[in-house]
Amino acid sequence: MDTLAAPLTIAFDYTRSLGPVLGRFMAGLRERRVLGARTSDGRVHVPPLEYDPVTHEPVTDLVEVSPTGTVVSWTWNPRPVEGQPLDRPFGWALIRLDGADTPLLHAVDADELHTGMRVRIRWAAEGRGHIRDIECFEPGETGISEIAEDLEPVEIMTTPIRLHYQHTTSAEEDRYLRALEQGRIIGQRCPACRKVYVPPRVCPADGVAPDEVVEVADRGMVTTFCVVNVPFAGQRLTPPYVVAQVLLDGADIPISHLILGVEAGDVRMGMRVAAVWRDRSRWSTTPENIDHFEPTGEPDAPYESYAEHL
Amino acid sequence: MNTVAVVGFAHADTSLTTSGVETLVPVITAALADAGLGRREVDFWCSGSSDYLAGRAFSFVSAVDAIGAVPPIAESHVEMDAAWALYEAYLKILAGEAETALVYGFGKGTAGDLDRVLSLQLDPYTVAPLWPGAVSIAALQARLALDAGLFTEDDMARVAGRRAEGPYLSCPLREHDVARVADGVAAVVLAANDRARGLRERPARISGFAHRVDPQGLGERDLTTVPSAVAAARDAGVDGAVDVAALHAPFTHQELLLREVVRAGSYLPFGANAMFSAGLSRIGAAAGEVMSGRARTAVGHATSGPALQQNLVCVLEA
């Protein structure tokens, strides 16, 4: 059975502190120079190591290597994807720069590659202290640059990350969302403990799939709540406002929702509330069909009726 | 000190929902049935998964729903293939802190573009920002091995039961050299040896278990010798050939590299690349050979990270 599914993109700019070794390496790239780390055995590592793999001491000795090197291994990337150095077919290669003992991975812009091929760095138009200051490699040779004065290390590098997913619902989640589209709220009963879960789910107490479908009311009681006073990015309401756990009549587990239409200071545990649905023309397979909950004016529920949910 | 044995195994390569919980329930139930153990008799639970795979926060917490955590249970999680969760559970029993354990792994590898997701396990300063896919990095490793004359493209194709012909996917890898990406769930039940013998006639006793890791820098290690697999096999006491081995090799050239490390009379073919459960499944399959009586000695192997960076070897005996 095909259940409801929807695309999801997650994006975040990772900012990373670089420290003394990578900070100088990135500062070098910004100035179109490549620095390698010399370890106690005399080997030069590019990209640099921060700690000596033999003595475990911090690496302090950075030496300049050539922007030209030799392809040690390669593969062909016929279909570049988002974020890669080039947007047309290109090669990936492990490249040992002249003066270095270890190869680094990067893209090569060439029509064909072979092991032993000589390639040089093509620098990005503008250096910013990032591995992407190397736009890619290209066939050819170029000399080592003039040794410049000491470089001020780069402290932070930023790397944007974007990942795309297809979220897929379970049969129970699918049933729940399709009911919401019709203005109904359903739960399902655990065959072992007989509790009604809203939304329906595998019973976390018994580890068994839920069974009987149960329609529950769009009204219930506040079990506990908090007053949101802190502003945050993407906030849609102006603080203060109330987020509460609402135990719907017929359910054995509360759902989280907004309580509006009442002063934040007047919301109480046990307060009876009812769903305020959005206009029917806007309903779809989403919990957003319920805009918020509001007090019904009924007498408060007694403490014993919700004590086990606290 | 306790000895530890595998007493039950189940797995599924069916499609998962984003939460995966619904798919875990029947697999865990089947593993417990295979071991003849009740859910409440499990002393320790341990799982392996990663939120990056399906793009859902705290999925391992949701997964605990599948095992029933009321009243409270002893539970742990690793952000690795569940073979490493098995190692944690093994230590727990070895130390006498538990007599039984259930280990499970799950992953919805098809929710996103696995090749891109796996870029994020690379060095975050100098490699990950280039987004080289896992297949491209494996291809660089394959070429080094081919250039070194360790094997040929024909040898690689034979691992997949194919011939080295047709277009390259990521040269020198063809489509048959790359395991299919799949969703997957696996569960293995462990028991201390005295308990194990009461549960089934032929438990698969773990006689050696070790894991090792190679440096993160792709240029910092010899990609053709898999030093961490060699070290793990040595630490696990692999000595000469075992009857059967189940290697976790998402690429055919990796199977060939690993066969040099783990010698066996026969090798169980690798199926789909089910992230976070495939390694545990290999150990379960190897244990199954011992429990069924088809083998007296077996090795289950798991890998993690780019180009066989991290390797785990579990030796099983009747």
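Note that this is a predicted model, so its numbers are computed, not measured.

Calculation criteria
- Residues numbered from 1 in each chain as written.
- Chains lettered and ligands numbered in written order.
- Predicted model: local features only at pLDDT ≥ 70, side-chain atom pairs only at ≥ 80, totals over all residues.
- Heavy atoms only, no water.
- Helix = DSSP H or I, 4+ residues; strand = E, 2+ residues; numbered from the N terminus.
- Buried < 20%, exposed > 50% of the residue type's maximum accessible area, 1.4 Å probe, protein only.
- Contact = heavy atoms within 4.5 Å.
- Areas by Shrake-Rupley, 256 points an atom, 1.4 Å probe, with all protein chains shown as cover.
- Lys, Arg positive; Asp, Glu negative; His and termini not counted.
- Charge placed at Lys NZ, Arg CZ, Asp CG, Glu CD.
- Rg over C-alpha atoms; globule rule 2.2 N^0.38 Å.
- Buried area = accessible area lost by both parts, 1.4 Å probe.
- Salt bridge = Lys/Arg side-chain N within 4 Å of Asp/Glu carboxyl O.
- Polar contact = N/O pair within 3.5 Å; in protein donor to acceptor, adjacent residues only side chain to side chain.
- 1 Å grid on protein atoms, 1.4 Å probe; cavity = no way out; pocket = protein on both sides within 12 Å on 5 of 7 lines; lining within 4 Å.
- Points joined across faces, edges and corners; volume = space filled by probe spheres on them.
- Nonpolar A, V, L, I, M, F, W, Y, C, P; charged D, E, K, R; others polar.
- Pairing = 2+ DSSP bridges.
- UniProt positions renumbered as here; feature names shortened; annotations may be inferred.
- Axes fitted to C-alpha atoms, helices over the stretch in contact; angles between N-to-C directions.
- Parallel < 35°, antiparallel > 145°, perpendicular 65-115°, else oblique.
- Domains from an automatic or database assignment.

*Asks:* Looking at this structure, how should I read the overall build of chain A?
*Replies:* In terms of helices and strands, chain A carries two helices and 18 strands. Reported as C-alpha extents along the three principal axes, the dimensions of chain A are approximately 85 × 45 × 40 Å. Counting over 310 residues, chain A shows a buried share of 45%. If you take every contact in chain A between residues at least 6 apart in sequence, the share linking residues at least 24 apart comes to 58%. Here chain A has roughly 15500 Å² of accessible surface; of this, 50% comes from carbon and sulfur atoms. In chain A, which carries 30 positive and 47 negative side-chain charges, the distance between the mean positions of the two groups comes to 3 Å.

*Asks:* What is the right way to look at the overall build of chain B in this model?
*Replies:* Per the secondary structure count, chain B includes 11 helices and 13 strands. The C-alpha atoms of chain B give a radius of gyration of 19 Å, which matches the 20 Å a tight globule of 318 residues would have. Principal-axis analysis of the C-alpha atoms places the extent of chain B at approximately 55 × 45 × 30 Å. Expressed as a percentage of the 318 residues in chain B, the buried residues total 63%. Split by element, the accessible area of chain B, about 11200 Å² in all, is 50% carbon and sulfur. Averaging the locations of the 25 positively and 36 negatively charged side chains of chain B gives two centres separated by 4 Å.

*Asks:* Explanation requested: the interface of chain B and chain A in the structure shown.
*Replies:* Accessible area lost when the parts come together is the quantity often used to give the size of an interface. Listed as interface residues are 47 residues of chain B and, on the opposing side, 58 residues of chain A. Summing both sides of the interface, chain B and chain A together bury roughly 4100 Å²; the carbon and sulfur share of this comes to 59%. It is B:Tyr125, B:Leu130 and B:Leu140 in chain B that bury the most area against chain A; as a group they hold 18% of the surface buried on that side. Between the two partners, chain B and chain A, sit one salt bridge. One salt bridge in this structure joins A:Arg201 and B:Asp65, with 2.6 Å as the shortest N-O distance. Where chain B meets chain A, there are 18 residue pairs in polar contact (both at pLDDT 80 or more).

*Asks:* Is there a simple way to think about empty space enclosed by the protein in this case?
*Replies:* With a probe scaled to a water molecule rolled over the atoms, the places where space remains empty come into view. All names here are of chain B. Scanning all chains against the criterion turns up one cavity of 30 Å³ or more. Considering only enclosed or pocket space, the largest cavity measures out at about 80 Å³ in volume. The dominant element in the lining of the largest cavity, judged by the number of residues it contributes, is strand β4 (residues 100-108), at three residues. Of the residues that constitute the lining of the largest cavity, the class distribution is four nonpolar, seven polar and one charged.

*Asks:* Explanation requested: the sheet that holds strand β2 (residues 34-38) of chain A in the structure shown.
*Replies:* Two modes of strand pairing occur in sheets, parallel and antiparallel, and in both the strands are linked by backbone hydrogen bonds. Residues and elements named next belong to chain A. Strand order in the open sheet formed by three strands is β3-β2-β4, and the pairing between neighbours is antiparallel. Every other strand in the sheet has two partners, leaving β3 (44-45) and β4 (62-65) as the edge strands with one partner each. Pairing analysis gives four bridges linking β2 to β4, with the strands arranged antiparallel. Within β4, the residue paired with Val34 across the bridge is Val65.

*Asks:* Sorry if this is basic, but what is going on with the UniProt feature "domain: ChsH2 C-terminal OB-fold" (unreviewed entry) in chain A here?
*Replies:* All names here are of chain A. Mapped onto the present numbering, the UniProt feature "domain: ChsH2 C-terminal OB-fold" (unreviewed entry) falls on residues 63-123 and 214-278. With 0% helix and 52% strand, the stretch residues 63-123 has end C-alpha atoms that lie 19 Å from each other. Secondary structure over residues 214-278 splits into 0% helix and 49% strand, and the C-alpha atoms at its two ends are 23 Å apart.

*Asks:* Help me out: how do you make sense of the packing of helix α4 (residues 82-94) of chain B against helix α11 (residues 278-291) of chain B in this one?
*Replies:* In a packed pair of helices, the relevant descriptors are the angle between the two axes and the axis-to-axis distance. Residue and element names in this part refer to chain B. Axis separation between α4 and α11 bottoms out at 6 Å; the angle between their running directions is 60°. Put simply, α4 runs oblique to α11. Within the contact between the two elements, α4 uses Ala82, Ala83 and Leu86 and α11 uses Gly279, Leu280 and Ile283. Of the residues contributing to the contact of α4 with α11, the split by class is five nonpolar, one polar and no charged.

*Asks:* Is there a simple way to think about the environment of A:Glu152 in this case?
*Replies:* Residues and elements named next belong to chain A. Turning to its location among the elements, Glu152 is positioned in the loop between β9 (134-139) and β10 (156-168). Residue class for Glu152 comes out exposed when judged on its relative accessible area of 61%. As a C-alpha pair, Glu152 and Arg24 span 128 residues in sequence and 7.0 Å in three-dimensional space. Residues contacting Glu152, with those up to four places away along its chain left out, are Ala27 and Arg30.

*Asks:* Mind showing me how you'd approach unusual backbone geometry here?
*Replies:* A negative phi holds for most residues other than glycine; trans holds for most peptide bonds. Residue A:Pro240 is reached from A:Pro239 by a cis peptide bond, and omega for that bond is 0°. If you trace the backbone, A:Pro240 turns up in the loop between β14 (219-228) and β15 (241-248). At the junction of B:Cys171 and B:Pro172, the peptide bond is cis and its omega measures out at 10° in the coordinates. Position of B:Pro172 relative to the elements: it lies in the loop between β5 (168-170) and β6 (173-174). Phi angles above zero are rare outside glycine, and B:Phe58 is one such case at about 55°. With respect to the helices and strands, the residue B:Phe58 is situated in the loop between α2 (51-54) and α3 (59-63). For B:Ala307, which is not glycine, the phi torsion reads 50° and is therefore positive. By the secondary structure assignment, B:Ala307 is in the loop between β12 (297-304) and β13 (310-317).

*Asks:* What is the right way to read the domain arrangement of chain A from this model?
*Replies:* Residues and elements named next belong to chain A. Domain annotation for chain A reports domain 1 (20-157), domain 2 (169-216) and domain 3 (218-310). Relative placement of domain 2 and domain 3: their C-alpha centres are 20 Å apart. Taken together, the 16 residues of domain 2 in the interface contact 17 residues of domain 3. Across the contact surface, domain 2 and domain 3 share one salt bridge. Broken down by element, the residue count for the side of domain 2 that touches domain 3 peaks at four residues, all from helix α2 (residues 171-181). Here the residues of the side of domain 2 that touches domain 3 sort into eight nonpolar, two polar and six charged.

*Asks:* When you look at the pattern of salt bridges in this model, what are you seeing that I'm missing?
*Replies:* Oppositely charged side chains can form a pair if their charged atoms are brought close together. Residue and element names in this part refer to chain B. Counting across every chain of the model gives 37 salt bridges over all chains. Taking the shortest distance from any N to any O, the salt bridge between Asp155 and Arg158 comes out at 2.6 Å. Placement of the pair is Asp155 and Arg158 together in helix α7 (residues 153-159), with a separation of three residues, close to one helical turn. Exposure remark for Asp155: the relative accessible area of 24% places this residue in the partly exposed category.

*Asks:* Before we go on, may I ask you to explain the sheet that holds strand β11 (residues 185-189) of chain A in this structure?
*Replies:* Residue and element names in this part refer to chain A. What the three strands build is an open sheet, ordered β12-β11-β13; its pairing is antiparallel. For this open sheet the edge positions go to β12 (196-197) and β13 (213-216), each flanked by a neighbour on one side alone. Here β11 runs beside β13; their pairing, made up of four bridges, is antiparallel. Within the sheet, the bridge partner assigned to Gln188 lies in β13 and is Val213. Those strands touched by α2 are β11 and β13, and its axis lies near 150° from that of β11.

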